[in-house]
Amino acid sequence: MRQPYRTTTVCFQVDPQHPDPRPIARAGATIRAGGLVAFPTETVYGLGANALDSTAVEKIFRAKGRPANDPLIVHIADLSQLSHLAVSVSEIAYRLFKRFAPGALTLVLNKREAVPANLTAGMDTVAVRMPDHAVALALIDAAGRPIAAPSANRFSRPSPTTAQHVAHDLDGRVDIILDGGPTSIGLESTILSLLGDAPQVLRPGGVSLEALREIVPDLTYQPQYLPDDAAAPSPGSMLKHYSPRATVILFRGDDDEAIWAAMKTFAKNHDHVGLLALEKDATRIADLDVEVESLGVDLDAAATRLFSALRSLDSRGVEWILARLPDTTGVGLAIGDRLLRAAEGVVIDVKPRR
Ligand code: AMP
Ligand code: MG
């Protein structure tokens, strides 16, 4: 069994738009020296290491307790860095990067030999993205090399959207945390592979399928929810992920009244129940003894708040977390995906009441 990576963690506050160059320079030097730096992006906080140094990359897996078969995403600050990572990058990949980089789109490309095998879990492909965040871009520039970075949480915990979440999960396992405040999108990037027969979304995320289809009309997406011990045909599709301690129960259906009646019945029959709901719905079962976390006014707000609301309900000691599965349009697809993994697939289908 691998030993966890141990170090002393220091945290620096940085302005998210105009980061002070001093902590950035120090963090860049830490990356070059083979250390770990957690940093904000527009999606979630990343746990970064020099992508071209296999020993540094290994520290990421050790710090997170991440299985070796789950590959990392490499972050770049400029498209010219693609040539250090990937070969035979297609015309369509460049068009997608032109439209969506910097942004929440990750492309799976053919890897260059210099990319360490542990980073890609032994595959001959590498996932690459350019984050849309001044701190992340400044850090990559200061390091002078691409940075491998999965989400800066312990494996299978909800992803971190604040520096406090990072410190909670990784204090003593990351050299530097750059605190740039809460992340704006709050869900991970969309991962798209252009290498198979048809362009395929491997994970829905911050860029919607609708937006991608403007450039790639023949895009496909086949949700995969695999039990943990299954051999995953696409890495990282394990069912249990983003999990709070409490058990998450999802309710699915079109009939509003029937959904809330079903949730009420559940809340009446169980103790220590928490509820995740949009602001307009948050009072629906508030007359019961339920801990409520509002997800805000719409699905964009819900994306931003989802992971932190899961962590917050955990810290409030609930045993059950109830939530409604959103429509699959726009960011609803990615929210539903994260909720399904947090619930490990447990969904109650609620019939209309007529
Ligand atoms: P994280 O950065 O923790 O959100 O996870 C990164 C995810 O990117 C992994 O779990 C995989 O699903 C995906 N990924 C990374 N590299 C590849 C690759 N070469 N091929 C397919 N998927 C990848
Ligand atoms: Mg992750």
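Treat the numbers as computed from the prediction; the structure is a model and nothing was measured.

A. Region of the structure containing the overall build of the protein chain. Helix and strand content of the protein chain: 10 helices and 17 strands. Over its C-alpha trace the protein chain gives a radius of gyration of 20 Å, about what one expects of a compact globule, namely 20 Å for 354 residues. With the C-alpha coordinates of the protein chain rotated into their principal frame, the extents come out at 60 × 45 × 40 Å. Considering the protein chain as a whole, with its 354 residues, one finds that 55% of them fall into the buried category. Nonlocal contacts in the protein chain, meaning residues at least 24 apart in sequence, comprise 68% of its contacts between residues at least 6 apart. Split by element, the accessible area of the protein chain, about 15,200 Å² in all, is 49% carbon and sulfur. Looking at charge distribution, the protein chain has the averaged site of its 37 positive side-chain charges lying 3 Å from that of its 42 negative ones.

B. Region of interest: the sheet that holds strand 16 (residues 320-324). Spatial strand order, 15-14-16-13-17: five strands in an open sheet with parallel pairing. Each edge of the sheet is formed by a strand with only one pairing partner; in this case those strands are strand 15 (290-294) and strand 17 (347-349). Neighbour-to-neighbour, the strand axes of this sheet turn through a mean angle of 25 degrees, independent of strand direction. As paired strands, strand 14 (residues 273-277) and strand 15 are joined by five bridges and run parallel to one another. Each residue of the ladder has a partner; that of V273, found in strand 15, is V290. Seen against the sheet, helix 9 (residues 299-315) touches strand 13 (247-252), strand 14, strand 15 and strand 16 and runs at an angle of roughly 170 degrees to strand 14.

C. The arrangement of the packing of aromatic side chains in detail. In total, this model carries one aromatic pair according to the counting rule given. Ring centres 5.3 Å apart and planes at 75 degrees place the aromatic pair F266 and W320 in the edge-to-face group. Highlighted residues: F266 in helix 8 (residues 256-269) and W320 in strand 16, separated in sequence by 54 residues. By relative accessible area, F266 is classed as buried at 12%.

D. Spatial organisation of the layout of surface pockets. Roughly 590 Å³ of internal volume is contained in the second largest pocket. When residues of the lining of the second largest pocket are traced back to their parent elements, those giving at least two are strand 14, helix 9, strand 16 and helix 10 (332-342). Residue contributions to the lining of the second largest pocket peak at seven residues, all from helix 10. Here the lining of the second largest pocket is composed, by residue class, of 18 nonpolar, four polar and seven charged.

Each value, and the rule that gives it
- Residues numbered from 1 in each chain as written.
- Chains lettered and ligands numbered in written order.
- Predicted model: local features only at pLDDT ≥ 70, side-chain atom pairs only at ≥ 80, totals over all residues.
- Heavy atoms only, no water.
- Helix = DSSP H or I, 4+ residues; strand = E, 2+ residues; numbered from the N terminus.
- Rg over C-alpha atoms; globule rule 2.2 N^0.38 Å.
- Buried < 20%, exposed > 50% of the residue type's maximum accessible area, 1.4 Å probe, protein only.
- Contact = heavy atoms within 4.5 Å.
- Areas by Shrake-Rupley, 256 points an atom, 1.4 Å probe, with all protein chains shown as cover.
- Lys, Arg positive; Asp, Glu negative; His and termini not counted.
- Charge placed at Lys NZ, Arg CZ, Asp CG, Glu CD.
- Pairing = 2+ DSSP bridges.
- Axes fitted to C-alpha atoms, helices over the stretch in contact; angles between N-to-C directions.
- Phe/Tyr/Trp six-rings, centres within 6.5 Å; stacked < 30°, edge-to-face > 60°.
- 1 Å grid on protein atoms, 1.4 Å probe; cavity = no way out; pocket = protein on both sides within 12 Å on 5 of 7 lines; lining within 4 Å.
- Points joined across faces, edges and corners; volume = space filled by probe spheres on them.
- Nonpolar A, V, L, I, M, F, W, Y, C, P; charged D, E, K, R; others polar.

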